[in-house]
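So the chains spell out like this:
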Amino acid sequence: MDDLLKVANWLLPLFYLALLIDYGATFFMAVRVQARSPWVVAVIAVHAAFLVLRGTHAHDGYSPLVGQYGILSVIAVSMAAMYWVLERIARDRRAGLFIFGLIFLFQYTASVFLPTAAPEVAGPWWARLHILPAALAYTALSLGGVYGLLHLVAQHNLKKHRFGLLFDRLPPLELLGKMTWWALLHGFGFMTVSIATGMWLAHSGVPLEGQGPKLAAKIAIGSFAWVICLVAILGRTAGKWPMSRISLIAVAGFLTIMALLVASATLSS
Amino acid sequence: MELSVIGISHRTAPVDVRERFSLSDEQVRQFLRAIHAENIFEEALVLSTCNRTDVFFVSAGPRDGLGYFIEHVRKIKDLAGPMDTSAFYRHSGQEAVNHLFRVTASLDSQIVGEHQILGQIKEAYRLASEERTSRFLLNKLLHWSFRVGKRVQSETQLGHGSASIAQAAVELSQRVFSELAGKSVLFIGAGQTAQLAARAVIRGGVHRVIVANRTLSRAQEVADDLLRQLPQAPDADHDDEDVEVPQEIKCPALLQMFPELKTRSQAAPSAGSPNQLEVRAIAMEEIPSVIAGVDLLISSTGSPDLVLTCKTVGDILRRSGRPLFIVDIAVPRDVDPALGKLTNVFLHNIDDLNLLVARNIDRRRREIPRAEAIVQDEAGRFAQWLDSLQLLPTVRLLQQYFETLQKGVIQRYGHQFKADQGQLDLLTQSLCKKLLHKPLTFLNQLPQSAGASENLAAIDLIRRMFDLDSLEK
């Protein structure tokens, strides 16, 4: 089983690379823009199976949501799954190149540093359930960051009257804006659930993963993400901010959160 | 069996020559009825558009299609005097097939890659089918050509991007909005380009159209015109499945079981149908009161001054936060360039549209070799299919099919019989010969019993019935 998990761990980035190439073909050659690829579902299924197997193999019935690289891998797979749903709704796979670029980066990093055996953790398995909505929130924010960036690029091109490759290949501005907005809404929802359950668990005296500064950093980053989403949502709904400003917040928020997560991981190791 | 085409097009003649040979739908019907009645040609189809008049004939042997056409055009259009036919081209056999495929692929159009031609050919086919001058060979050829048109559209970028200012305005708006359905459009001015753009966006399925003009009565006139000219039928570039023509399915029982086979073209109403669209006329002064609810604005007045300024609508647009796409087609410009600096306003002028059109036309030119390759490939396949409809090879294949069948049966069941294997062989051979007798007699008598089209149809049916093509491969 260990060998199988090792092979799967290295195959996953390759699978995502293959998808990246496939989406690259759609973007650069304008082919199969509305096609439905069964391979995305297959890779998501393999990835999910890997995470579950890795967890249950190491610890009987163990949740895989532990360790920063384990969570990064979970974010990668949930990004792929969320994007797959969005792609089916929008019937447009032109943004896939950028999303899978980020997913590949996440999974490659996770595969390089991920220990084959899941580490030991204290406390009951359900104490880690609040990590799931947090991972989903970071997933949504990652998607929001990518879509927001594409929205800003498309808007810039339209404003500057540049009719180049990006003008041709990027999805319409309205669609990119909607995707950014949905991602922020979902990010806010998931992060709210995560913070609420985390606070409840802490209040109940259940030991949470990490201690001291590590836990404080996680709480700070989570709260920052939550505030970012809240500001964007309030700005859009109450302040009628233009979508470009929301996209800017999504991109800036995503980049800051990523930088903070990397800094936190580096300092804690 | 001779397939030929005679025609005149924008490549061979100017409009004053072309218009003499151009036929209306009713005149096409008259011509086809004459062909059907006189029975000189077995099949015929007329494609008459503003850029070309092509007549396809199928006959048992070589016939003077051009002479026949000119003679009837004289009668139908009541023309006298000599008619110069030097601009006509003639192709026969494989060249005629190539010609049709190139036309369908829009390689022979004035604006290469335009989609309208496919709809026009479908219309021509509909007329020929209704007048019963399109039978086996033209049915097959036309359906094949629709496939060629679709392949070229889907596998190349020949038809991609707009090639006119009006379409370019719509194309640009599609970079902002996912779809035009449900959007509101404001047209300022009543120029011809604006009206063309209006029709293009209405086809896109917009929900509300507002026409503003210096005089309200003229705005109302344009609004009424737009309502009158709403697309009543499905779009011209619809699928060939939508064409309501008698095809191979003629069985009444089958049509009773699947009524959609004959009524598919009467499906859902097209986008922009009268019950979905709201068209309204307003005076120029009312623009600030409606602009906040507008998604797309196309302006083309003849005004020497700016019609939309930052001072009049800037604050309204800033407050709305809603994206507004403005296309200013007018020269001198109607829209204050400062409006384009607002975050949610996307302002494009005639130069941007010209740039886009030039880029698209250049790109279409680069796609021509790929489209030509598809046409050649499909023309080759069609020729291969037509060659397969020869009598003798079909008879040989049919005999081979039964021989294979007989040997297969002997191999599979022979060991179950105690009788002499030689006798069993004779018995099965005799049975196969008897089974083959009727189809072979039918095939051998074909040349005497029916016209060339019917013969081909019968051979094609036999080949498909026994899947002889796969046996040949």
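Look a little higher up for the structure.
The text that follows walks through the structure, step by step, so that each part is easy to find. These numbers come from a predicted model, not from an experiment. (Residues numbered from 1 in each chain as written. Chains lettered and ligands numbered in written order. Predicted model: local features only at pLDDT ≥ 70, side-chain atom pairs only at ≥ 80, totals over all residues. Heavy atoms only, no water.)

With respect to the overall build of chain B
Along the backbone of chain B there are 19 helices and ten strands. Long-range pairs, those at least 24 residues apart, make up 76% of the contacts in chain B with a sequence separation of at least 6. When the accessible surface of chain B is split by element, carbon and sulfur atoms take 53% of a total near 23100 Å². (Helix = DSSP H or I, 4+ residues; strand = E, 2+ residues; numbered from the N terminus. Contact = heavy atoms within 4.5 Å. Areas by Shrake-Rupley, 256 points an atom, 1.4 Å probe, with all protein chains shown as cover.)

As for helix α3 (residues 68-90) of chain A
For an α-helix, 3.6 residues make a turn, and residues three or four places apart therefore share a direction. Taking 1.5 Å per residue as the helical rise, α3(A) with its 23 residues ought to reach 33 Å, and the 32 Å between its terminal C-alpha atoms agrees with that figure. Looking one or two residues beyond α3(A), the residue adopting positive phi is A:Arg91, at roughly 55°. (Expected span 1.5 Å × (residues − 1).)

Overview of the nonpolar core
Residues A:Phe100, A:Phe106, A:Leu143, A:Tyr147 and B:Val209 are the most contacted members of the largest nonpolar core, which totals 106 residues. Of all the elements, helix α5 (residues 131-159) of chain A adds the most residues to this core, at twelve residues. Discounting chain neighbours no more than four positions away, the residues touching B:Val209 are B:Val185, B:Phe187, B:Ile202, B:Leu226, B:Leu277, B:Glu278, B:Val279 and B:Arg280. Counting 77 residues, the second-largest nonpolar core is a separate cluster that includes B:Ala105, B:Val375, B:Leu397 and B:Phe402. (Core = buried A, V, L, I, M, F, W, Y, C linked by side-chain atoms within 4.5 Å. Buried < 20%, exposed > 50% of the residue type's maximum accessible area, 1.4 Å probe, protein only.)

Brief notes about a nonpolar patch on the surface
Residue and element names in this part refer to chain A. A cluster of nonpolar side chains, Val7, Leu11, Leu14, Phe15, Leu17, Ile21 and Val46, forms an exposed patch at the surface whose accessible area comes to about 560 Å². Here the nonpolar patch gets six residues from one element, more than from any other, and that element is helix α1 (residues 2-29). By the secondary structure assignment, Val7 is in helix α1. On the accessibility criterion, Val7 (48% relative accessible area) is partly exposed. (Patch = residues over 30% accessible without salt bridge, like charges linked within 9 Å, V, L, I, M, F, W, Y side chains within 5 Å. Salt bridge = Lys/Arg side-chain N within 4 Å of Asp/Glu carboxyl O.)

Remarks on the sheet that holds strand β5 (residues 184-188) of chain B
Residues and elements named next belong to chain B. Strands sit in the order β7-β6-β5-β8-β9-β10 across an open sheet of six strands; the sheet is parallel. The strands lining the two open edges of the sheet, one partner per strand, are β7 (278-283) and β10 (345-349). Direction aside, the axes of adjacent strands within the sheet are offset by 15° on average. Bridge analysis of β5 against strand β8 (residues 296-299) gives four bridges, and the strand direction is parallel. (Pairing = 2+ DSSP bridges. Axes fitted to C-alpha atoms, helices over the stretch in contact; angles between N-to-C directions.)

Side note on the interface of chain B and chain A
If you look at the interface, chain B gives 26 residues, while chain A gives 21 residues. Carbon and sulfur atoms supply 51% of the area buried between chain B and chain A, which totals about 1900 Å² over both sides. For the interface between chain B and chain A, the tally reads one salt bridge. For B:Lys183, the salt bridge goes to A:Glu174, with nearest N and O atoms at 3.0 Å. Inspection of the region where chain B meets chain A yields 14 residue pairs in polar contact (both at pLDDT 80 or more). Where the side of chain B that touches chain A is concerned, the elements lending two or more residues are α7 (165-176), α13 (310-320), β10 and α14 (350-388) of chain B. A per-class count over the side of chain B that touches chain A returns nine nonpolar, eight polar and nine charged. (Buried area = accessible area lost by both parts, 1.4 Å probe. Polar contact = N/O pair within 3.5 Å; in protein donor to acceptor, adjacent residues only side chain to side chain. Nonpolar A, V, L, I, M, F, W, Y, C, P; charged D, E, K, R; others polar.)

Digging into the packing of aromatic side chains
Geometry of an aromatic ring pair is reported as the spacing of the ring centres plus the angle between the planes. For the coordinates displayed, the defined rule picks out 23 aromatic pairs over all chains. Taking the centre distance of 5.6 Å and the plane angle of 80° together, the rings of B:Tyr401 and B:Phe402 count as edge-to-face. For B:Tyr401, a relative accessible area of 24% puts it in the partly exposed group. One aromatic cluster is present, formed by B:Phe21, B:Phe31, B:Phe41, B:Phe57, B:Tyr68, B:Phe69 and B:Phe88 through successive ring pairs. Its guanidinium or amino end placed over the ring of A:Tyr23, A:Arg93 lies 4.2 Å from that ring's centre, counting from NZ or CZ. If you follow B:Arg147 out to its NZ or CZ, it ends over the ring of B:Trp144, 4.7 Å from the centre. (Phe/Tyr/Trp six-rings, centres within 6.5 Å; stacked < 30°, edge-to-face > 60°. Lys NZ or Arg CZ within 6 Å of the ring centre and 35° of its normal.)

Thoughts on the pairing of strand β2 (residues 43-48) of chain B
Successive side chains on a regular strand alternate, one facing one side of the sheet and the next facing the other. Residues and elements named next belong to chain B. Here β2 lies mainly inside the structure; five of its six residues are buried. Pairing of β2 with strand β3 (residues 52-59), which is carried by six bridges, proceeds in the antiparallel orientation. Paired with Ala44 across the strands is Phe57, a residue of β3. Between β2 and β3, which pair antiparallel and follow one another directly, the connecting turn spans three residues.

Concerning the pattern of salt bridges
Residues and elements named next belong to chain B. Under the criterion given, the structure shown has 24 salt bridges over all chains. Put simply, Arg218 and Glu221 hold a salt bridge, and the shortest N to O gap is 2.9 Å. In this pair, Arg218 and Glu221 both sit in helix α9 (residues 216-228), three residues apart, roughly one turn of the helix. Residue Arg218 is classed as partly exposed on the basis of its relative accessible area of 28%. For Glu221, a relative accessible area of 46% translates into the label partly exposed.

Regarding the side chain of B:Ser145
Residues and elements named next belong to chain B. With respect to the element layout, Ser145 can be found in helix α6 (residues 136-155). The class for Ser145 is buried, based on a relative accessible area of 0%. Contact partners of Ser145, with chain neighbours within four places excluded, come to Leu100, Phe101 and Thr104.

Quick word on the sheet that holds β2(B)
All names here are of chain B. One open sheet holds the four strands; their spatial order is β2-β3-β1-β4, and the pairing between them is antiparallel. Lying at the two open borders of the sheet, with one neighbouring strand each, are β2 and β4 (89-92). For this sheet, the mean inter-axis angle between neighbouring strands, taken without regard to orientation, is 15°. As paired elements, strand β1 (residues 2-9) and β4 share four bridges and run antiparallel to each other. Bridging across to β4, Ser4 finds its partner in Ser92. Of the strands in this sheet, β1, β3 and β4 touch helix α3 (residues 65-77), which is tilted by about 125° from β3.

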